[in-house]
Amino acid sequence: MRALAGILVLMGGIAGLAVWGATHQARGIEERIDTEAQRLVSKAPHQMDVAVSGRDITVTGVAIQEEERATLLSALDKIQGVRRIHDAIDRIDTARPYLFLATRKGGVTTVNGHLPDERLRGHIKNTGVDGSETLAIARGAPENWVIAATSGIKALNRLENGLLRIQDTRIHLTGTASAPDQRRNALDHLATLPGTFATLTRVDMRDDATLRHNPATGNADQFLNGYGLAQPDVTPDLATCTRQSDALLKANRITFVSGSAQLEPRAVDTVNQLAAIVSRCVDGTGFTAEIGGHTDNTGSQAINQAISLDRAQSVKQALESRGIPGEALDAVGYGQRQPVADNDSEAGRAANRRTSITWSDRK
């Protein structure tokens, strides 16, 4: 009996030792696989992460090109001891156009649009902007995009307020500077961009409430909050104010970035002309201007209603930034409810996407 007991104890010890050895060996294999997998993903062109469980690898991240994804998965599969690869890599769509926007107001620069690589998010944030977490990863960025975006942000940050728009290889910077040196420093940041980028700038000097000759028109413009406002021949009565604002908005539509309430750079001149009319019409008259946002019938009524209100509010904010008192302005979104043309044609739909001004006397 004692001999049998001894044999059983010995067998149990051997079995336990075997289990310990197998567990220890499995842990060693897992650690070796993890070390090699981490080394491989660290060399990937875009941010990737791996998680190792036993002999299985799960890969997450984004791949801009299918070749990039296939190369990484193939390399991971060749690690000695790997049993299975779980592919959880996101595929990134191509953006056309490739758009990056930055706005500066009240000393704060906010960005939105596209970003070519997750690893650049921190780089953009470190330029001193807000909103980098909202940038959407997308393919299609032109060569030297990082240089263009960084230089554009640095230029914008030298201004008091402004807008930077980078669409593919076209850069448009508008805004106001408080001094000639500030304006020159902003433009210097764009002077050394790679030749593949075309740059258009319009940076005005802040000069509040003074009149300055406008060489383009030959007229004297009043500068308010950094914007040059023409001095229209407006007799402040409701009929004249209505006629002037209607004629302006019929000839020059206020345009927005597609699918958003962000004013396009080319809308600045129209907003400046509208501000000049509104300023004369509300000054001491008791008149108020309702800013109406309108859309065509593309999409749902709920979405059209929301974006029309957002766009009306953007125009209201733009007028306020040009010195128009907010209490003289109202923003209303009408969506697709007040068409002025047939929505069956592109021309009709374009006519229905508009901004209107309705005057009233609050006295």
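Comments concerning the nonpolar core
Here comes step 1: Ranked by size, the top nonpolar core spans 32 residues in total, and within it F100, V111, I124, L164 and L173 carry the most contacts.
Here comes step 2: Among the elements of the structure, β4 (99-105), β5 (108-115), α4 (145-157), β7 (161-167), β8 (170-177), α5 (180-191) and β9 (198-205) are those that each provide at least two residues to this core.
Here comes step 3: Sort the elements by how many residues they give to this core and α4 lands first, with six residues.

Re the packing of helix α7 (residues 268-282) against helix α8 (residues 301-321)
Here comes step 1: Remark: α7 packs on α8, axes separated minimally by 10 Å, with the N-to-C direction vectors making an angle of 65°. Classified by the angle between their axes, α7 and α8 sit roughly perpendicular to one another. When you trace α7 past α8, the crossing you get is right-handed. Taken together, the residues of α8 that come into contact with α7 (itself represented by V271, L274 and A275) are V315, A318 and L319.
Here comes step 2: The residue makeup of the contact of α7 with α8, split by class, is six nonpolar, no polar and no charged.

Section: unusual backbone geometry
Here comes step 1: Between R96 and P97 the backbone carries a cis peptide bond, its omega angle lying at 0°.
Here comes step 2: Mapped onto the secondary structure, P97 falls in the loop between β3 (84-91) and β4.
Here comes step 3: Backbone geometry places N144, a non-glycine residue, at a positive phi of 70°.
Here comes step 4: Checked against the element boundaries, N144 lands in the loop between β6 (136-137) and α4.

Quick word on the sheet that holds β5
Here comes step 1: Pairing is mixed across the open sheet formed by six strands, whose spatial order is β6-β5-β4-β7-β8-β9. The strands lining the two open edges of the sheet, one partner per strand, are β6 and β9.

Observations concerning the state of the cysteines
Here comes step 1: The final tally for this structure, using the stated rule, is one disulfide.
Here comes step 2: The side chain of C241 participates in a disulfide bridge whose partner is C281; the two sulfur atoms lie 2.1 Å from each other. Disulfide C241-C281: the torsion about the S-S bond is -110°, which places it as left-handed. Here C281 lies in helix α7 and C241 lies in helix α6 (residues 238-251), a separation of 40 residues in the sequence. When sorted by exposure, C241 lands in the same class as C281, which is buried.

Re the sheet that holds strand β15 (residues 354-361)
Here comes step 1: Ordered in space as β14-β13-β15, the three strands form an open sheet in which the pairing is mixed. The outermost strands of the open sheet, each flanked by one partner alone, are β14 (329-335) and β15. Ignoring strand direction, the axes of neighbouring strands in this sheet form an average angle of 25°.
Here comes step 2: With eight bridges joining them, strand β13 (residues 287-294) and β15 adopt antiparallel strand pairing. For I291, the partnering residue across the bridge sits in β15 and is I357.
Here comes step 3: Running at roughly 175° to β15, α6 makes contact with β13 and β15 of the sheet.
Here comes step 4: In the packing of α8 onto the sheet, the strands contacted are β13, β14 and β15, and the crossing angle to β14 comes to about 155°.

Quick notes on the packing of aromatic side chains
Here comes step 1: Within the structure shown, the criterion is met by two aromatic pairs.
Here comes step 2: Seen from their ring centres, Y98 and W145 are 6.2 Å apart, and the 80° between their planes marks the pair as edge-to-face. Pair noted here: Y98 is in the loop between β3 and β4 and W145 is in helix α4, with a separation of 47 residues, a long-range link. Note on accessibility: Y98 and W145 belong to one class, buried.
Here comes step 3: Among the aromatic residues, those joined into a cluster by ring pairs are Y98, F100 and W145.

Calculation rules
Residues numbered from 1 in each chain as written. Predicted model: local features only at pLDDT ≥ 70, side-chain atom pairs only at ≥ 80, totals over all residues. Heavy atoms only, no water. Core = buried A, V, L, I, M, F, W, Y, C linked by side-chain atoms within 4.5 Å. Buried < 20%, exposed > 50% of the residue type's maximum accessible area, 1.4 Å probe, protein only. Helix = DSSP H or I, 4+ residues; strand = E, 2+ residues; numbered from the N terminus. Axes fitted to C-alpha atoms, helices over the stretch in contact; angles between N-to-C directions. Parallel < 35°, antiparallel > 145°, perpendicular 65-115°, else oblique. Left-handed = near helix turned anticlockwise from the far one by under 90°. Contact = heavy atoms within 4.5 Å. Nonpolar A, V, L, I, M, F, W, Y, C, P; charged D, E, K, R; others polar. Pairing = 2+ DSSP bridges. Disulfide = S-S within 2.5 Å. Phe/Tyr/Trp six-rings, centres within 6.5 Å; stacked < 30°, edge-to-face > 60°.

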